[in-house]
Amino acid sequence: MKKDTPIDSNVVKRILDEMPFDDIGDASIREIVRLAGMIEEETGEKYIRMEMGVPGIDVREIALEAEIKAFKAGYASKYAPIIGIAPLKKEISRFVKLFLDIDIDPEYCFTSVGSAQGSIALFMVANRTYTNRRGVLFIDPGFPVQKLQIKVLGYEYDTFDVFNYRGKKLKAKLEEFIVEKKISSILYSNPNNPAWISFTEEELQIVGELATKHNLVIIEDLAYFGMDFRKDYSEPGKPPFQPTVAKYTDNWTMLISSSKAFSYAGQRVGMLIVSEKLYKSKFPDLKRFFSTEQFGHSLIYNALYTLSAGVSHTPQYGLTALLKAVNDGDYNYRDDVKIYGERAKVMKKMFLKYGFKFVYDNDLGEPIADGFYFTFSYPGMTGSELLENLIYHGISAIALQTTGSERHEGLRACVSQVGKELFPLLEERLKKFHENFG
Ligand SMILES: Cc1ncc(COP(=O)(O)O)c(C=O)c1O
């Protein structure tokens, strides 16, 4: 780059050339983490890191204490039960009732090594329910790792960008895929990573009713539970409740991550919940891969078992303590995480000031909520060009093309690592970018 840039352009160019990808727009989150890390190390300049959704908040003491107690009690030498420890199952069941208003017996509440493991286990079973069906349909844009999981498993998937198919339009689009492509499951995240749109009750009803009609498994990924800050879903047992497809079909599974809402990413413990009816459903074609034709048994005793044979005891006890406090109304998780929305508000203003535009800019006509992610572009640049140019300006992000988005001009920004002490540096760099390209 010939322009005057905040980061030494010779170093950036050399390191970019050494990277294994041909197009920076195809780089994964972890590849961008490495790229920015290498440039930081060589130049001594810190990046504004917006590529990875690392929680920027300390975990609550109550969880740490519970983990330490469990560790000292000698659990390290014992295998954890594959179905999850009983107190955690109980608190997950309470959580689902109190915050989603869905009744589910603790028997159908499980734990996985992060939601990431929950999704791969579900793919292994939900994609094999029928010999003549292809696999999962991603309502995109979405979390790139889930597509990587599908690829690693050797499956096929289908995808469409939901932005132009919101509201009633969703039904025809979904049905077209379900029938033509022979879909066996549907996955979406709500709120959506990266677009930060949230499905309405009407849309969830459409998804649920189609799931029942076509006997599909819904994988509802609630990685950002309660983090649509336009509403307050955090009062136990009181409406409004986090919207869920479980109101509209029995064919549901849910992934509730502890990583973001409870800042518990490092301990790799997530919640995996399966409706009782689906758990007990029988699909004879599952026998090709599993010891049984029952959905739930295949999921827990075959798929999850082969992946890690359970989750370590101590994080399960830590999460149990957190959930109990949340369920009892002693800890309001939203109070801790709403800072992400406040940060997004300031950062989005700054991006607009320096000539950037938002890509997913409305949620059914309403402004997109301020939350963990936002998406942006710069006039006249593709996403790859924008990302490369931002790297020279000390700002890292990921391209939307890796998320199943059709908006290849855009990037995803995550606000979690950009504390307010970094706002002046961010502003300085965005300003310089705009001077160089505006
Ligand atoms: C949409 C979505 N699903 C799942 C996950 C995985 O979460 P976990 O840390 O619980 O594995 C993430 C993490 O960023 C995510 O954004």
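Owing to the predicted nature of the structure, the values given are computational and were not obtained by experimental measurement.

*Asks:* Give me the lowdown on the overall build of the chain, citing residues and values where you can.
*Replies:* Of the regular secondary structure elements, the chain holds 15 helices and 15 strands. The C-alpha atoms of the chain give 22 Å as radius of gyration, which agrees with the globular expectation for 438 residues (22 Å, within 12%). When the backbone C-alpha atoms are referred to their principal axes, the chain occupies close to 65 × 55 × 40 Å. Burial analysis of the chain (438 residues in total) assigns 52% to the buried set. In the chain, the share of contacts with a sequence separation of at least 24, taken over all contacts with a separation of at least 6, comes to 77%.

*Asks:* Provide a residue-level description of the site of the ligand, including the pertinent values.
*Replies:* Neighbouring the ligand are 13 residues, the closest being Gly114, Ser115, Ala116, Ala223 and Ser257. It is helix H5 (residues 114-126) that contributes the most residues to the shell around the ligand, three residues altogether. Residues belonging to the shell around the ligand are distributed by class as follows: four nonpolar, eight polar and one charged.

*Asks:* Mind laying out the domain arrangement of the chain, listing which residues take part and the relevant values?
*Replies:* Assigned domains of the chain: these are domain 1 (9-46 + 338-437) and domain 2 (61-327). The centre of domain 1, based on its C-alpha atoms, is set 29 Å off from the matching centre of domain 2. It is strand E12 (residues 373-377) that contributes the most residues to the side of domain 1 that touches domain 2, three residues altogether. Residue classes in the side of domain 1 that touches domain 2 are distributed as nine nonpolar, eight polar and five charged.

*Asks:* Lay out the sheet that holds strand E3 (residues 135-140) in plain terms, naming residues and giving numbers.
*Replies:* Taking strand neighbours across the sheet as the criterion, the seven strands line up as E2-E8-E7-E6-E5-E3-E4 in an open arrangement whose pairing is mixed. In this open sheet, the two edge strands, each paired with only one partner strand, are strand E2 (109-112) and strand E4 (156-161). For this sheet the average axis-to-axis angle between neighbouring strands, irrespective of direction, equals 20°. With four bridges connecting them, E2 and strand E8 (residues 270-274) associate as antiparallel partners. Residue pairing across strands places Phe110 opposite Leu272, the latter belonging to E8. Strands in contact with helix H4 (residues 86-100) are E2 and E8; relative to E2, the strand with the most contacts, it is inclined by about 110°.

*Asks:* Outline the nonpolar core, supporting the account with residue identities and numerical values.
*Replies:* Counting 134 residues, the largest nonpolar core has Ile186, Val207, Ile218, Ile273, Leu299, Leu411 and Ala413 as its most contacted members. Among the elements that take part in this core, H5 stands out by supplying eight residues, more than any other. Both domains that meet at this core, namely domain 1 (9-46 + 338-437) and domain 2 (61-327), each give it at least three residues. Excluding its chain neighbours within four sequence positions, the residues that come into contact with Leu411 are Thr375, Phe376, Gly383, Leu386, Leu387, Ala397, Ile398, Ala399 and Leu400.

*Asks:* Can you lay out the environment of Glu385 for me, pointing to particular residues and giving the numbers?
*Replies:* The residue Glu385 is located in helix H14 (residues 383-392) in this model. Residue classification places Glu385 among the partly exposed residues on the basis of 16 C-beta atoms within 10 Å. Expressed as a C-alpha distance, the spacing of Glu385 and Ile104, which sit 281 residues apart in the sequence, is 48 Å.

*Asks:* Break down the sheet that holds strand E9 (residues 357-358) for me, with residues and values.
*Replies:* Pairing between the strands of a sheet is mediated by backbone hydrogen bonds and can be parallel or antiparallel. A sheet is described by the order of its strands in space; here four strands give the open sequence E9-E12-E15-E14, paired in antiparallel fashion. Edge positions in the open sheet fall to E9 and strand E14 (398-399), since each of these has one partner strand only. In this sheet, E12 lies alongside E9 in antiparallel orientation, the contact comprising two bridges. Its bridge partner lying in E12, Lys357 is registered against Ser377.

*Asks:* Quick one: what's the story with the environment of Asp158, residue by residue and with numbers?
*Replies:* On the secondary structure map, Asp158 appears in strand E4. The spatial distance from the C-alpha of Asp158 to the C-alpha of Ile186 is 9.4 Å, given a sequence separation of 28 residues. Contacts of Asp158, omitting those with residues within four sequence positions, involve Arg134, Leu137, Phe177, Lys181 and Ile183.

*Asks:* How would you explain helix H6 (residues 144-153) if you had to name every residue and give the values?
*Replies:* Looking at H6, one finds that the buried residues are Gln146, Gln149 and Ile150. Around the axis of H6, the buried residues are gathered within 95° of arc, so they sit on the same side. In this structure, H6 carries Lys151 and Val152 as exposed residues pointing more than 90 degrees from its buried face. Buried positions along H6 lie against H5, E3, E4 and strand E5 (183-189). Taken from the residues just after H6, Gly154 is the one with a positive phi, measuring 80°.

*Asks:* Kindly report on the pairing of E8, identifying the contributing residues and their values.
*Replies:* Counted residue by residue, E8 has five buried out of five residues, so it is predominantly covered. Burial along E8 is two-sided: the residues Gly270, Leu272 and Val274 and Met271 and Ile273 are all buried. Judged from the four bridges that link them, strand E7 (residues 252-256) and E8 form a sheet pairing that is antiparallel. If you follow Leu255 over to E8, its bridge partner there is Leu272.

*Asks:* An account of the packing of H5 against helix H10 (residues 295-307) is requested, with residue identities and associated values reported.
*Replies:* Viewed as axis vectors pointing N to C, H5 and H10 meet at an angle of 125°, and their least axial separation amounts to 9 Å. When the axes of H5 and H10 are compared, the pair comes out oblique. In this structure, the crossing between H5 and H10 has a hand that is right-handed. Within the contact between the two elements, H5 uses Gln117, Ile120, Ala121, Leu122, Met124 and Val125 and H10 uses Phe295, Ser298, Leu299, Ala303, Leu304 and Leu307. Its residues placed into classes, the contact of H5 with H10 shows 10 nonpolar, two polar and no charged.

*Asks:* Any details on unusual backbone geometry? Residues and values, ideally.
*Replies:* A cis amide bond links Asp140 with the next residue in sequence, Pro141, at an omega value of 5°. Looking at where Pro141 falls in the secondary structure, it is placed in the loop between E3 and H6. In this structure, the amide linkage connecting Asn190 to the following residue, Pro191, adopts the cis form with an omega of -5°. Checked against the element boundaries, Pro191 lands in the loop between E5 and helix H8 (201-214).

Cut-offs and rules
- Residues numbered from 1 in each chain as written.
- Predicted model: local features only at pLDDT ≥ 70, side-chain atom pairs only at ≥ 80, totals over all residues.
- Helix = DSSP H or I, 4+ residues; strand = E, 2+ residues; numbered from the N terminus.
- Rg over C-alpha atoms; globule rule 2.2 N^0.38 Å.
- Buried ≥ 20, exposed ≤ 12 C-beta atoms within 10 Å, placed from the backbone.
- Contact = placed C-beta atoms within 7 Å.
- Near = placed C-beta within 6 Å.
- Nonpolar A, V, L, I, M, F, W, Y, C, P; charged D, E, K, R; others polar.
- Domains from an automatic or database assignment.
- Pairing = 2+ DSSP bridges.
- Axes fitted to C-alpha atoms, helices over the stretch in contact; angles between N-to-C directions.
- Core = buried A, V, L, I, M, F, W, Y, C linked by C-beta atoms within 7 Å.
- Arc of directions from axis to C-beta.
- Parallel < 35°, antiparallel > 145°, perpendicular 65-115°, else oblique.
- Left-handed = near helix turned anticlockwise from the far one by under 90°.

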